[in-house]
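Chain and residue survey
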Amino acid sequence: SQTIHQWPATLVQPVGSPLSLECTVEGTSNPNLYWYRQAAGRGLQLLFYSVGIGQISSEVPQNLSASRPQDRQFILSSKKLLLSDSGFYLCAWSLGQGNEQYFGPGTRLTVT
Amino acid sequence: GQQLNQSPQSMFIQEGEDVSMNCTSSSIFNTWLWYKQDPGEGPVLLIALYKAGELTSNGRLTAQFGITRKDSFLNISASIPSDVGIYFCAGQYYGGSQGNLIFGKGTKLSVKP
């Protein structure tokens, strides 16, 4: 069966510091991968999605970037965090032609 | 951009009550999904709908893909305390990128005090 992991579970970072969040998927090959941000327990905002290694699409301009160095690894990064980057970050995967997305446990980021 | 209107925003339930929530859009959707999110966790997929008029059940949960393809509803029968959480509808509108979903803002279910 497929599982999705996110690391770390929680993170507190000062403004201006860098960020790296990791997402890995097990039990499937060539998944589509997604990064979402959720503010205040509501409303999922799609940040990035990837259909393959090195292929990243950005949905909204922001202070963040994403990379996919391996088939089942998706990384969310920032060079300098802003206070507005605080939130709950969710990674999700889906299979190529399907629309069902499966979410990871999330990372709670607090920028101070 | 595309938006989903999900209602109600919040509701209180008493154990044993039936619950209903819905999502509407001004655009035609070809997929409707319903998720539940518990505090501090990722959303969990409850039901997926792919055909207009489709009615699908998952235990006490029933969801339908509206005939007009612009709406969907989720019913929970005989609610229990563990039904508390936030329920999200999500869909892919016709002409949207494959796999890219639009999410509603959620319906928060709480236990009636």
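That block above? That's the structure.
Residues numbered from 1 in each chain as written. Chains lettered and ligands numbered in written order. Predicted model: local features only at pLDDT ≥ 70, side-chain atom pairs only at ≥ 80, totals over all residues. Heavy atoms only, no water.

Regarding the sheet that holds strand β3 (residues 19-24) of chain B
All names here are of chain B.
- Here we have five strands laid out as an open sheet, ordered β1-β3-β8-β7-β6, and antiparallel in their pairing. Single-partner strands in this sheet number two, and they are β1 (5-7) and β6 (55-58). Each strand axis lies, on average, 15 degrees off the axis of its neighbour in the sheet, ignoring direction.
- Direction of pairing for strand β7 (residues 61-65) relative to strand β8 (residues 71-76): antiparallel, over a ladder of five bridges. By the bridge assignment for β8, T62 is matched with N75. (Pairing = 2+ DSSP bridges. Helix = DSSP H or I, 4+ residues; strand = E, 2+ residues; numbered from the N terminus. Axes fitted to C-alpha atoms, helices over the stretch in contact; angles between N-to-C directions.)

Observations regarding the interface of chain A and chain B
- Counting from both sides, the interface comprises 22 residues of chain A and, opposite them, 26 residues of chain B.
- Interface of chain A and chain B: buried area, both sides summed, is about 1800 Å²; carbon and sulfur atoms make up 50% of it.
- The largest per-residue losses of area from chain A upon contact with chain B belong to R42, N99 and E100 of chain A, which jointly make up 37% of the total buried on that side.
- Where chain A meets chain B, there are zero salt bridges.
- Taken together, the connections running from chain A to chain B amount to three residue pairs in polar contact (both at pLDDT 80 or more). (Contact = heavy atoms within 4.5 Å. Buried area = accessible area lost by both parts, 1.4 Å probe. Salt bridge = Lys/Arg side-chain N within 4 Å of Asp/Glu carboxyl O. Polar contact = N/O pair within 3.5 Å; in protein donor to acceptor, adjacent residues only side chain to side chain.)

Here's the deal with the nonpolar core
- Counting 21 residues, the largest nonpolar core has M21, W32, L74 and L109 of chain B as the members making the most contacts within it.
- One finds V25, A66, L76 and L109 of chain A within the second-largest nonpolar core, a separate group that totals 19 residues. (Core = buried A, V, L, I, M, F, W, Y, C linked by side-chain atoms within 4.5 Å. Buried < 20%, exposed > 50% of the residue type's maximum accessible area, 1.4 Å probe, protein only.)

Notes on the packing of aromatic side chains
- Summed over the entire model, instances satisfying the criterion amount to ten aromatic pairs over all chains.
- Feature note: the residues Y34, Y36, Y49 and F103 of chain A together with Y35 and F103 of chain B constitute an aromatic cluster, connected by ring pairs. (Phe/Tyr/Trp six-rings, centres within 6.5 Å; stacked < 30°, edge-to-face > 60°.)

Quick notes on the pattern of salt bridges
- Scanning all chains against the criterion turns up five salt bridges over all chains.
- Residue D85 of chain A pairs with R37 of chain A through a salt bridge whose shortest N-O separation is 3.7 Å. One end of the pair, D85 of chain A, is in the loop between β8 (73-78) and β9 (87-94); the other, R37 of chain A, is in strand β4 (residues 32-39), and 48 residues separate them in sequence.
- Among the residues examined, R37 of chain A registers a relative accessible area of 15% and is labelled buried.
- Linking D83 of chain B and R60 of chain B is a salt bridge whose minimum nitrogen-to-oxygen distance equals 2.8 Å. Pair noted here: D83 of chain B is in the loop between β8 and β9 (85-93) and R60 of chain B is in the loop between β6 and β7, with a separation of 23 residues, a long-range link.
- Judged by its relative accessible area of 6%, D83 of chain B is buried.

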